[in-house]
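# Summary of structural features
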Amino acid sequence: MGTYARFPITLVKGQGCWVVDDTGKRYLDSVAGIATCTLGHSHPALRRALKRQLRTLQHVSNLYRIPEQEELAHWLATNSCASSVFFCNSGAEANEAAIKLARKHGHTRRNIERPIILTAASSFHGRTLAAVTATGQPKYHQGFEPLVEGFDYFPYNDLQAFEALLERHEANGPAVAAVLIEPLQGEGGVNPGDRTFFKRVRELCSERNILLILDEVQVGMGRSGCLWGYQQLGIEPDAFTLAKGLGGGHAIGALLVQQHADVFQPGDHASTFGGNPFACRAGLTVAKELERRHLLENVQARGEQLQAGLKQLITTYPELLKEVRGWGLLQGVVLQDNAKVNAAQLAAKALDHNLLVVAAGPSVLRMVPPLVINSREIQILLKRLETTLAHC
Ligand code: PLP
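Residues numbered from 1 in each chain as written. Predicted model: local features only at pLDDT ≥ 70, side-chain atom pairs only at ≥ 80, totals over all residues. Heavy atoms only, no water.

Here the focus is the sheet that holds strand E17 (residues 364–367). Read across the sheet, four strands follow the order E13-E14-E17-E16 without closing on themselves; strand pairing throughout is antiparallel. In this open sheet, the two strands that pair with only one neighbour each are strand E13 (321–327) and strand E16 (358–359). Relative to E17, E16 is paired through two bridges, and the arrangement is antiparallel. Pairing of Val358 across the sheet is with Arg366, part of E17. The strands that helix H12 (residues 343–352) touches are strand E14 (330–335), E16 and E17; relative to E17, the one it contacts most, it runs at about 45 degrees. (Pairing = 2+ DSSP bridges. Helix = DSSP H or I, 4+ residues; strand = E, 2+ residues; numbered from the N terminus. Contact = heavy atoms within 4.5 Å. Axes fitted to C-alpha atoms, helices over the stretch in contact; angles between N-to-C directions.)

So, about the pattern of salt bridges. Counted under the stated rule, the structure contains 16 salt bridges. Here Lys322 ties to Asp337 by a salt bridge, and the two come within 3.0 Å at their closest N and O atoms. On the criterion of sequence distance, the pair formed by Lys322 in strand E13 and Asp337 in the loop between E14 and H12 is long-range, its members being 15 residues apart. The structure contains a network of salt bridges with shared partners spanning Arg110, Glu167, Glu170 and Arg208. (Salt bridge = Lys/Arg side-chain N within 4 Å of Asp/Glu carboxyl O.)

Below, the discussion takes up the pairing of strand E7 (residues 176–181). With six of six residues buried, E7 lies mostly within the body of the structure. As judged from the four bridges shared by E7 and strand E10 (residues 211–215), these two strands associate in the parallel manner. Bridged to Ile181 within E10 is Leu214. (Buried < 20%, exposed > 50% of the residue type's maximum accessible area, 1.4 Å probe, protein only.)

Contacts to the ligand come from 13 residues, most closely from Gly91, Ala92, Asp215, Gln218 and Lys244. The side chain of Lys244 places a nitrogen or oxygen atom 3.3 Å from an oxygen atom of the ligand. With the chains in place, 82% of the 390 Å² that the ligand exposes on its own is no longer accessible. The leading source of residues in the shell around the ligand is helix H4 (residues 91–109), at three residues. Grouping the constituent residues of the shell around the ligand by class yields three nonpolar, six polar and four charged. (Near = heavy atom within 4 Å. Polar contact = N/O pair within 3.5 Å; in protein donor to acceptor, adjacent residues only side chain to side chain. Areas by Shrake-Rupley, 256 points an atom, 1.4 Å probe, with all protein chains shown as cover. Nonpolar A, V, L, I, M, F, W, Y, C, P; charged D, E, K, R; others polar.)

Relative to each other, helix H2 (residues 44–56) and helix H10 (residues 277–292) sit at 150 degrees, their axes nearing to 9 Å. With respect to H10, the axis of H2 lies roughly antiparallel. With respect to the hand of their crossing, H2 and H10 are arranged in right-handed fashion. Two secondary-structure elements touch here, H2 through Ala45, Leu46, Ala49, Leu50, Gln53 and Leu54 and H10 through Pro277, Phe278, Arg281, Ala282, Thr285 and Glu289. Along the lines of polarity and charge, the residues of the contact of H2 with H10 split into eight nonpolar, two polar and two charged. (Parallel < 35°, antiparallel > 145°, perpendicular 65-115°, else oblique. Left-handed = near helix turned anticlockwise from the far one by under 90°.)

Below, the structure written as structure tokens:
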């Protein structure tokens, strides 16, 4: 179906941070399946582990215990504030699970008849009906009304507006079940969360027994330079969602909860493919490689290198670029208001110079390369971006 406005290239193979199209043209991949191919393309450890898993067992139902799923849940719980995990197949599906968890929490723990979830303007939480309603961007809602009831929106990082909205809903007693926010807004324009804002939201949620749920789908699993985005903000959520980078290019999503927020019981939620041995083997391999290759350190060093290089480009092209922002290997370059190209046009032009980059909204160019990218490849990325800008 025509749901995608695709670029006119066909990618047929990849190795590390490089992909090749069907004409043999080679690109540096700073998109990585949109922050998904954590270990790059065709990573030997992932290839070996998945080959072995296919020979052993590919899929069984969640009617039975699945050791790979238990092992991955154990790794995630050991390395985060969560104590239990529900596995699914995508970010939207993980957020759907979080929304159901929030509603059940609202009903059972706050005695709310029609629980409300507060989310941020310019957020992105996925395309299923509840996740797209949670997404605070009208352009994603248009044409799909009636939306799911029980959501309201506040401007991201705006404490005063958040407190006012919370007060308005809770004026006559408990009404809000959860706050669902990205630690850094990816699709919405690479907007990092503000520590003061998140700290106060955490306090307000704790005071009222409202769940603070973070959508870590884009920023989690090491992309920020910390394993989880919430570590950048100095807080712990009651629950958070993952997908994208968790499987290193294989479909997997997850909802992780702290023990006190674990309100689900058998029968409350399910997914046929969720947590199957193959997907969990992919997740486990990504997790082990993150540790073995000290990839968080690489993300920090390469993120700094990338950000410094992008800042340099701003001084060379002030008529096109005005700001660089982001964490680790999730960096955005903000275009000038009156720039003669928008971000999507710039991403299209970069193809001519053998570079894959992706827009985040109309005025931000986003760079989310594999977490294994090395120093020389960052230099190439910057050089190719510069050549692209020079041709604008
Ligand atoms: N949440 C965030 C923060 C995302 O960036 C995305 C996708 O870009 C999603 C949710 C949706 O994930 P998926 O496309 O796997 O459903």
